[in-house]
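Okay, here's what each chain looks like letter by letter:
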Amino acid sequence: MKRILIIDDAATVRLYHRGILENAGFTVVEAVNGLEALEHVANTVFDLYLVDINMPKLDGYGFLRELRSKDIPQAPAIMVSTEAAVNDQKLAYASGANLYLIKPVRPQRLLSHVLTLLGLTLPNPDHSL
Amino acid sequence: MNPLLIQFLAEGREFIQAISEKLLALEDDPNNSTHMNELFRLVHTLKGNCGLFDFPEMSRVLHAAEDLMDAARAGRVTFSRALADQLLEAMDFVSELLDEISAAATDQTPSTSQYAARAVQLGEALRGLMVKDVVNSEEVVSEVAAEVSSAQYAAPASVEHVLAVVPEAVRMELYRRLTAGEPLYRLIYQPEEDCFFKGEDPFFQIIQLPDVHWRHVTTRENWPPLTELDAYRCILRFELILSADAAYLNEHFRYVSDQIEILPLTAAMLVVPTGRAQAEPMAADFVQAAQTALASRNYFALAQATRTLLELSAPNLWIASALRWLLLLLDLPEPIDDGLQRLLAGIGEHLASQIPSALPFAKAEEQSPSFATDHEKPSLEKGGLEGFKGFISADTLSSAQEVLEAQREILTLPSTPWLTGQLKAVAACLTGVCVSLGMENELTTLQQALETALADKTAQALLTWLDQLTLPSTTAVTELPSPLAPAASVFQSNTSTPTAATEPVAFNRRAEDQPNTPRTIKVEQIKIDRLMNLIGEMVVAKNALPYLAGRAEDVFGVRELSREIKSQYSVINRIAEEMQDAIMQVRLLPVSFVFQRFPRLVRDLAHRLEKEVRLVMEGEATEADKNIIEALADPCTSCATVSITDWKRRMCGVLRASRAKGA
């Protein structure tokens, strides 16, 4: 059972991502900011992180830097942003993100990235009935 | 209503409230960067949420608001009363839209499309604030222009829509000029209603402009019926695209500078495919082939494929328009990968929106080893899963390519203090890609590369490994059986065998078992009221126990039982009282619930009456029952209103009175 941590201050976005991932059979844990996410990380092993950038207390970049500095098994992190700025993407990668997606991420696109990063496959929903 | 929408509406209202509060706080302290950043974050998040739904009006206004806040945050625009006014108006509009959406979702009334005109107006007003500041200082113009050209493909969505009215041929010509280095501007001129009485001649102003590439005259509002038409009232709106420079334009329009808007045009804004939407069966294969060609920078093959599909498509279709743009981009001396990529992704998304597909995620299955090795399963399911496993979907392949590209970029970045963690994470991603593409044989070399990289403390070993990796070619993928057959069989097998069918249900249940309860929950008031009524009844019912104890002693003469009932009664009594107290706590709200509307009320009223009013609030943390708080709202509000409008009364006295009532 793959476990995914969603870190976003917007409840709507969390609900949206949670819906997509739980439907695909993943276990989803939520955190509302980077600090809360770090608490979760200290107690649980996650297989993937879905990280927002702008959050109160500790933002996405800060969370990733902390995460990558830890001596734990490292899992892929997808950074989700509303900005298509090149600099933001660079900063995300330098902070420890593995993929940078622009909100709103279409369900199919998010899922196909998550599955690829976790080494899973799924038939293409477009072609199935 | 769907739960996501309910959540969005509730959260949206909270955000708007918070944005208004922050705006008012900023007015008192315009240089407070904490407030400014927080405000930007709120607007930004609200816009992000809005993007999950199809509310173009709301997105448009919020996008403009966000851009304006970003400019204010970066110091490009100064925070002023006008700016706050405009943003507050925008938030009122958004809140109106939220009301409309929630009403529409319950009563099935018409959608929000009637708000489109106002959304455009508000969006432009917000952007206008930005532009006016920019045009005032020429230094900033060049700075912004440089910024725009560096981020050429990050065009705001609202502008794209506006430019869609420009004929495609004109836009293509403009695109060529822009990429050749010629600066272009979009000019919007909205003359004042009584401009004719001031001796202005808007039409003459416009036709005198040199180097105009495109002109368009519309009206700011619909023409009234001929009988009511006031021919001396100017409601025209001119829109032009021209190459004259900003300084010249400012000089040309110096008497009406507040009625024009000048926006620098970027190449990406022009790339807006237009036309009739229709699913094009060939196009899905094309997008995939094109992306592969692009990844390998085989522009010739890409152009070839584009021309072939273009010949097969009806010229008035959206897809044909997109393909023409693709060819134009390819035709540039130096094709810009980013732009091509974006256009291709756009085509992909357009296609996805055309194919009605219920997303069958619920049946998704991990490629668990237990399935692959279990020989006891019925043959149908086994066959289905094997077919499924062997098949690499176009989605997986394109996603794998994207992931690999990203990891390559990460590995080439300068080293960071958290390099070890980064390398491990990259290796985890690469492992995922290999497994999902069925290339498990690469994993040993990957592991070795990771160990070398960790020992050397550089990314080099992983980069070398990445360079030698060859993905399955697209031809191999297209030769695989049609995606329909294996996919369909998997789903049949999942629904027809009990083992597979129960699997996703189990996933969902376990997902809920997570010890991850949020710290606050929202409960409908009716549920709390019911609980409160029940507790009230219980309090009454428990009072029958002492009477029972008395009867046990007096009537039945069992003193022992009577004592036991009494001691039990004292326990129940204590619990009941605590319960009553607890439920009252639930219903308690801070009076700030009422007070929070005062700052805006006072501000607007003071502004309208041109009075200097300072609002002081104390004791907002005082708590009272929800019903009392709600009943207090109107009297308090009118107290506040009266104290401002009626100058003769002693304002402080009235407010203090209302405060006393609140507390």
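Just so you know, these numbers come straight off a predicted model, no measurement behind them.

What counts and how
Counting restarts for each chain: residues are numbered from 1 in the order of the written sequence. Key to labels: chains lettered from A, ligands numbered from 1, both in the order written. A pLDDT threshold of at least 70 governs which residues receive local features in this predicted model, and a stricter bar of 80 or more applies before side-chain atom pairs are shown or counted, although totals over entire chains, interfaces and linings include all residues. Excluding hydrogens and water, the side-chain values take into account all heavy atoms of the structure. Counted as salt bridges are all cases of a side-chain nitrogen of Lys or Arg within 4 Å of a carboxyl oxygen of Asp or Glu. Strands are runs of DSSP state E lasting at least two residues, helices are runs of H or I lasting at least four, and both sets are numbered from the N terminus onward. Any residue under 20% of the maximum accessible area for its type is buried, any over 50% is exposed, and the rest in between are partly exposed; the area is computed with a 1.4 Å probe on protein chains only. Residues belong to a common nonpolar core when they are buried Ala, Val, Leu, Ile, Met, Phe, Trp, Tyr or Cys residues joined through side-chain atoms within 4.5 Å. Any pair of residues with heavy atoms lying within 4.5 Å of one another is described as a contacting pair. In this scheme, patches are assembled from residues that exceed 30% relative accessible area and form no salt bridge. Like charges are connected within 9 Å, while nonpolar side chains (Val, Leu, Ile, Met, Phe, Trp, Tyr) are connected within 5 Å. Throughout, the Shrake-Rupley method with a 1.4 Å probe supplies accessible areas, and for residues the shown protein chains are the sole cover considered. Axis lines are fitted to C-alpha atoms, over the contacting stretch for helices. Their N-to-C directions set the angle, which ranges from 0 to 180 degrees. Note on angle classes: values under 35 degrees are labelled roughly parallel, values over 145 roughly antiparallel, values of 65 to 115 roughly perpendicular, and the remainder oblique. Three classes are used: nonpolar for Ala, Val, Leu, Ile, Met, Phe, Trp, Tyr, Cys and Pro, charged for Asp, Glu, Lys and Arg, and polar for all others, with Gly counted as polar. At least two DSSP bridges between two strands are needed for those strands to be called paired. Place the viewer so that the strands point away; then a crossover is right-handed whenever the path from the first strand over the helix to the second strand goes clockwise. Definition of a polar contact: a pair of N or O atoms within 3.5 Å, with one able to donate and the other able to accept a hydrogen when the atoms are protein atoms, and with sequence-neighbouring residues admitted only if both atoms are side-chain atoms. Any two rings among Phe, Tyr and Trp, with Trp reduced to its six-membered ring, count as a pair given centres within 6.5 Å; such a pair is stacked if its planes are under 30 degrees apart, edge-to-face if over 60, and tilted if neither. Here a crossing is taken to be left-handed if its near helix is turned anticlockwise relative to the far helix by less than a right angle, and right-handed if that turn runs clockwise.

Asks: I keep staring at the pattern of salt bridges and nothing clicks. Help me out?
Replies: Two side chains carrying opposite charge are able to pair once their charged atoms lie near each other. All names here are of chain B. For the structure shown, the criterion picks out 34 salt bridges over all chains. Residue E173 is joined to R177 by a salt bridge in which the shortest nitrogen-to-oxygen separation is 3.4 Å. Pair noted here: E173 and R177 are both in helix α8 (residues 168-179), with a separation of four residues, about one helical turn. Classification of E173 by relative accessible area gives partly exposed; the value is 37%. Put simply, E251 and R254 hold a salt bridge, and the shortest N to O gap is 3.2 Å. For R254, a relative accessible area of 44% puts it in the partly exposed group. A cluster of three or more residues bridged by salt bridges with shared partners is formed by E27, D85, D92, R600, R603 and D604.

Asks: How do you make sense of the nonpolar core when you look at a structure like this?
Replies: Among the nonpolar cores identified, the biggest contains 125 residues, and F26, Y49 and F63 of chain A together with M58 of chain B are the most heavily contacted of them. By residue number, the principal contributor to this core is helix α4 (residues 81-107) of chain B, which donates 11 residues. Once residues lying within four places of it in the same chain are set aside, the contact partners of Y49 of chain A are L5, V41, F63, L67, A75, P76, A77 and I78 of chain A. Formed by 40 residues, the second largest nonpolar core is a distinct cluster that contains I241, L265, A290 and L340 of chain B.

Asks: How should I be thinking about a nonpolar patch on the surface in this particular structure?
Replies: Residue and element names in this part refer to chain B. On the surface, M538, V571, I575 and M579 cluster together to form a nonpolar patch covering roughly 290 Å² of accessible area. Counting residues per element, the nonpolar patch draws most heavily on helix α27 (residues 559-587), which supplies three residues. Mapped onto the elements, M538 comes out in helix α25 (residues 525-542). Its relative accessible area of 32% is what places M538 among the partly exposed residues.

Asks: What is the right way to look at the packing of helix α19 (residues 419-436) of chain B against helix α20 (residues 443-456) of chain B in this model?
Replies: Each pair of packed helices can be described by the angle between their axes along with the distance between the axes. Residue and element names in this part refer to chain B. Where α19 meets α20, the axes come as close as 10 Å, and the angle between the chain directions of the two elements is 170°. When the interaxial angle is binned, α19 and α20 end up roughly antiparallel. Residues T420, L423, K424, A427, L430, T431, C434 and V435 of α19 form the contact with α20, whose own contacting residues are L443, L446, L450, A453 and L454. Among the residues forming the contact of α19 with α20, the class breakdown is 10 nonpolar, two polar and one charged.

Asks: I tried to follow the sheet that holds strand β3 (residues 236-242) of chain B on my own but got confused; where do I start?
Replies: Strand pairing in a sheet is mediated by backbone hydrogen bonds. Such pairs are either parallel or antiparallel. All names here are of chain B. Strand order in the open sheet made by the four strands is β2-β3-β1-β4, with antiparallel pairing throughout. Single-partner strands in this sheet number two, and they are β2 (212-219) and β4 (260-264). Sheet twist, expressed as the mean angle between neighbouring strand axes with direction ignored, is 15°. Judged from the five bridges that link them, strand β1 (residues 185-189) and β4 form a sheet pairing that is antiparallel. Residue pairing across strands places I188 opposite E261, the latter belonging to β4.

Asks: Hey, could you run me through the environment of L411 of chain B in this one?
Replies: Residue and element names in this part refer to chain B. Along the chain, L411 falls in helix α18 (residues 394-412). Along the chain, L411 and A461 lie 50 residues apart, while their C-alpha atoms are 9.8 Å from each other. Contact partners of L411, with chain neighbours within four places excluded, come to L423, V426, A459, L462, L463 and L466.

Asks: In this structure, what is going on with the pairing of strand β4 (residues 77-81) of chain A? I would like to understand it.
Replies: Where a strand is regular, its side chains alternate between the two sheet faces. All names here are of chain A. The buried count for β4 comes to five of five residues, which makes it a mostly enclosed element. Because side chains alternate across β4, one face comprises the buried residues A77, M79 and S81, and the other comprises I78 and V80, equally buried. Viewed along the sheet, the connection from strand β3 (residues 48-52) through helix α3 (residues 60-69) into β4 turns out right-handed.

Asks: Could you clarify how one ought to interpret the side chain of N33 of chain A in this entry?
Replies: All names here are of chain A. Relative to the elements of secondary structure, N33 occurs in the loop between β2 (27-31) and α2 (34-43). Engagement of the side chain of N33 in a polar contact is seen with the backbone nitrogen of E36, the distance being 2.8 Å. The residues contacting N33, other than those within four sequence positions of it, are I7, M55, P56, K57 and L58.

Asks: I would appreciate a short explanation of the side chain of H113 of chain A in the present structure.
Replies: For H113 of chain A, the location among the structural elements is in helix α5 (residues 107-117). With a relative accessible area of 1%, H113 of chain A lands in the buried category. Contacts of H113 of chain A, omitting those with residues within four sequence positions, involve L99 and L101 of chain A together with S399, E402 and V403 of chain B.

Asks: Is there a simple way to think about the sheet that holds strand β1 (residues 3-7) of chain A in this case?
Replies: Residues and elements named next belong to chain A. Taken in spatial order, the five strands make up an open sheet running β2-β1-β3-β4-β5, and their pairing is parallel. The two strands at the open ends of the sheet, each matched to only one other strand, are β2 and β5 (99-102). The mean angle between the axes of side-by-side strands here comes to 20°, regardless of whether they run parallel or antiparallel. With five bridges connecting them, β1 and β2 associate as parallel partners. Following the sheet pairing, I7 is matched in β2 by A31. Strands β1, β2, β3 and β4 of the sheet are contacted by helix α1 (residues 11-23), whose axis makes an angle of about 165° with β2. Sheet contacts for α3: β1, β3 and β4; angle to β3, the most-contacted strand, approximately 150°.

Asks: Would you explain helix α21 (residues 460-468) of chain B in this entry?
Replies: The periodicity of an α-helix, 3.6 residues per turn, causes residues three or four positions apart to be oriented the same way. Looking only at α21 of chain B, the buried set comprises A461, L462, L463, W465 and L466 of chain B. Residues of α21 of chain B that are buried sit in contact with α18, α19 and α20 of chain B.

Asks: Looking at this model, I keep getting lost on the packing of aromatic side chains. Mind explaining?
Replies: Geometrically, a pair of aromatic rings is defined through the distance of the ring centres and the angle of the planes. Residue and element names in this part refer to chain B. Inspection of every chain in the model, using the stated rule, returns eight aromatic pairs over all chains. Between Y175 and W325 the ring centres are 5.8 Å apart and the planes differ by 70°, which places this aromatic pair in the edge-to-face class. Taken together, the positions of Y175 in helix α8 and W325 in helix α14 (residues 318-331) put the pair 150 residues apart, joining distant regions of the chain. With a relative accessible area of 0%, Y175 lands in the buried category. W325 gets classed as buried once you look at its relative accessible area, which sits at 0%. Aromatic side chains Y189 and F238 sit 5.8 Å apart centroid to centroid with 25° between the ring planes, which places their arrangement in the stacked category.

Asks: In this structure, what is going on with unusual backbone geometry? I would like to understand it.
Replies: If a residue is not glycine, its phi is most likely negative; likewise, a peptide bond is most likely trans. With phi around 65°, K57 of chain A is a residue other than glycine that occupies positive phi space. When you line up the elements, K57 of chain A lands in the loop between β3 and α3. Positive phi, normally seen in glycine, also occurs at D211 of chain B, with a value near 50°. Secondary-structure assignment places D211 of chain B in the loop between α9 (202-207) and β2.

Asks: What is the right way to look at the environment of L309 of chain B in this model?
Replies: Residues and elements named next belong to chain B. Its place among the elements puts L309 in helix α13 (residues 299-312). We classify L309 as buried; its relative accessible area is 4%. With 23 residues separating them along the chain, L309 and F286 place their C-alpha atoms 7.7 Å apart.

Asks: For this particular structure, what's the right way to read the packing of α8 of chain B against α14 of chain B?
Replies: Residues and elements named next belong to chain B. In contact at an axis separation of 11 Å, α8 and α14 are set at 20° when each is read in the N-to-C sense. Classified by the angle between their axes, α8 and α14 sit roughly parallel to one another. Considering the relative orientation of α8 and α14, their crossing is right-handed. Touching E168, R171, M172, Y175 and R176 of α8 are S321, R324, W325, L328 and L329, all from α14. The residue inventory of the contact of α8 with α14, partitioned by class, reads five nonpolar, one polar and four charged.

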